[in-house]
Amino acid sequence: MDLSWSDSEETFRTECREWLAANVPTPPLPSGDTRDGFARHLEWERTLFDARYAVVSWPEEYGGRDASLWEWLIFEEEYYRAGAPQRVTQNGIFLLAPSIFEFGTPEQQARLLPRMASGEEAWCQGWSEPNAGSDLAGIQSRAVRDEGGWRLHGQKTWTTRGAFCTHLFGLFRSDPEAERHRGLSYFLLPLDAEGVTVRGFERLDGDEGFAEVFFDDVFVPDDAVLGEVDQGWKVAMATTGSERGLTLRSPGRFTAAAARLIELWRARGGADPALRQAVTQAWMDAEAYRLQTLQTVTKLADGERTGAEASLVKLFWSELDVRLHDAALVLLGPDAERADEPWITGYQFALAGPIYAGTNEIQRNVVADRVLGLPR
Ligand SMILES: Cc1cc2nc3c(=O)[nH]c(=O)nc-3n(C[C@H](O)[C@H](O)[C@H](O)COP(=O)(O)OP(=O)(O)OC[C@H]3O[C@@H](n4cnc5c(N)ncnc54)[C@H](O)[C@@H]3O)c2cc1C
């Protein structure tokens, strides 16, 4: 593995850095999980799109630059280094889109990807239900065959930014006779379809982006199915692999946070060796994660696929994120309790990391079963 960047990659890095320095909004935008903040983030994402930075690794016809995965990593490093806003379109761009590239028809790709890239359509994910979270194959929402399409019934919950998004992707049971993972289909639909009710609710921190989504005899045409009918589990596993693995949590996010932690240490660090150790460990973990990602990208660039090891990656980044923020709070001492302190907001969100994208207990089950081959 060659860890050096080529001249053209360095030039790309400089271009990204200069553009971000000139364009990242200051002061930072309000939280993207509030209605006003979401709208402001979408404006920012439109600016990114107009400069062709929204989806650098996508083909040009969909608004990208045909950039390599290496260049995408460079862009991400620069994005987080610049302190640019969190991407409120991330569930579409980073989770759904890789599955559309893999399983979508050319017509679905042409119809959905450009509007996703520009932020004109913002996607949320509909997996969890009141009685099915970890046990995703136990979902009860169903799709019933109708002339030219399907009728959807049921309920999803914990839909991140569902209260503000325009579209939803999710799993529905299309064959009631089939067992568990079989007989599920992956649907793509607008949230303004007749029969859809979106009920937003607040999180503990007061942000209001979560939603419950209800489906009451919602008609969707045949081309709302991504991949084959009754084969939705396979497509869903590809999407969750993107969430746990490469695309959602690029290492730039953690290397930038580790760099900020070191600045904090320089400003406030005392002689406490345990604290110095925690800061150093956080930096080393972020660096290890970066190197591991380079290895993954090397594999993908060589045409290999990644699979259940995405669960290991998810365990690593979610636990690293908690430790890193924990070290920052100790450094800040009582100042950490100021409501406007970004480290406390980051800490609260880091605590959710071991839950969303499939809980860490479930990831350990997957690693035991499918990576290590341990007996059940
Ligand atoms: C910030 C955040 C954002 C989210 N966004 C979305 C979203 O956009 N869309 C969406 O669909 N969902 C979303 N979720 C929901 C998330 O996917 C679920 O919370 C998660 O999958 C766990 O499901 P559950 O809450 O039903 O818990 P349960 O499945 O009831 O689990 C409860 C506890 O039991 C443990 N457990 C369950 N089964 C096992 C087992 N077999 N072995 C060992 N331990 C087990 C779990 O690890 C957990 O600790 C989000 C959650 C959070 C926190």
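Scroll up to find the structure this text is about.
Anyway, here's the lowdown on the structure attached to this text. (Residues numbered from 1 in each chain as written. Predicted model: local features only at pLDDT ≥ 70, side-chain atom pairs only at ≥ 80, totals over all residues. Heavy atoms only, no water.)

**Some details on the pattern of salt bridges**
Using the criterion set out here, one finds 27 salt bridges in the structure. With its nearest N and O atoms 3.7 Å apart, the salt bridge here joins arginine 151 to aspartate 217. Placement of arginine 151 in strand S3 (residues 149-159) and of aspartate 217 in strand S7 (residues 210-221) is noted, with a sequence separation of 66 residues between them. Owing to a relative accessible area of 27%, arginine 151 belongs among the partly exposed residues under this scheme. Of the residues examined, aspartate 217 reaches a relative accessible area of 34% and is grouped as partly exposed. Via salt bridges that share partners, Glu10, Arg13, Arg17, Glu77, Glu78 and Arg81 belong to a single interconnected network. (Salt bridge = Lys/Arg side-chain N within 4 Å of Asp/Glu carboxyl O. Helix = DSSP H or I, 4+ residues; strand = E, 2+ residues; numbered from the N terminus. Buried < 20%, exposed > 50% of the residue type's maximum accessible area, 1.4 Å probe, protein only.)

**Comments concerning the side chain of asparagine 91**
Looking at where asparagine 91 falls in the secondary structure, it is placed in helix H4 (residues 90-103). Judged by its relative accessible area of 5%, asparagine 91 is buried. Dropping the residues within four chain positions of it, asparagine 91 is found in contact with Leu96, Trp123, Cys124, Gln125, Thr160 and Phe169. (Contact = heavy atoms within 4.5 Å.)

**Concerning unusual backbone geometry**
Cis geometry is adopted by the peptide bond preceding proline 27, which originates at threonine 26 and carries an omega value of -10 degrees. Looking at the secondary structure, you find proline 27 in the loop between helix H1 (7-23) and helix H2 (35-50). With phi around 60 degrees, alanine 357 is a residue other than glycine that occupies positive phi space. Along the chain, alanine 357 falls in the loop between helix H10 (342-352) and helix H11 (360-371). The exposure class of alanine 357 is buried, given its relative accessible area of 11%.

**Points about the nonpolar core**
The biggest cluster of nonpolar side chains holds 51 residues, and the ones touching the most others in it are Trp44, Trp58, Phe75, Leu96, Met116 and Tyr186. The element that contributes the greatest number of residues to this core is H4, accounting for seven residues. Filtering out sequence-adjacent residues up to four positions away, tyrosine 186 remains in contact with Leu96, Trp127, Phe169, Gly170, Leu171, Ala224, Val225, Leu226, Gly232, Val235, Ala236 and Thr239. (Core = buried A, V, L, I, M, F, W, Y, C linked by side-chain atoms within 4.5 Å.)

Interpretation note: all reported values are geometric properties and have no functional meaning in isolation.
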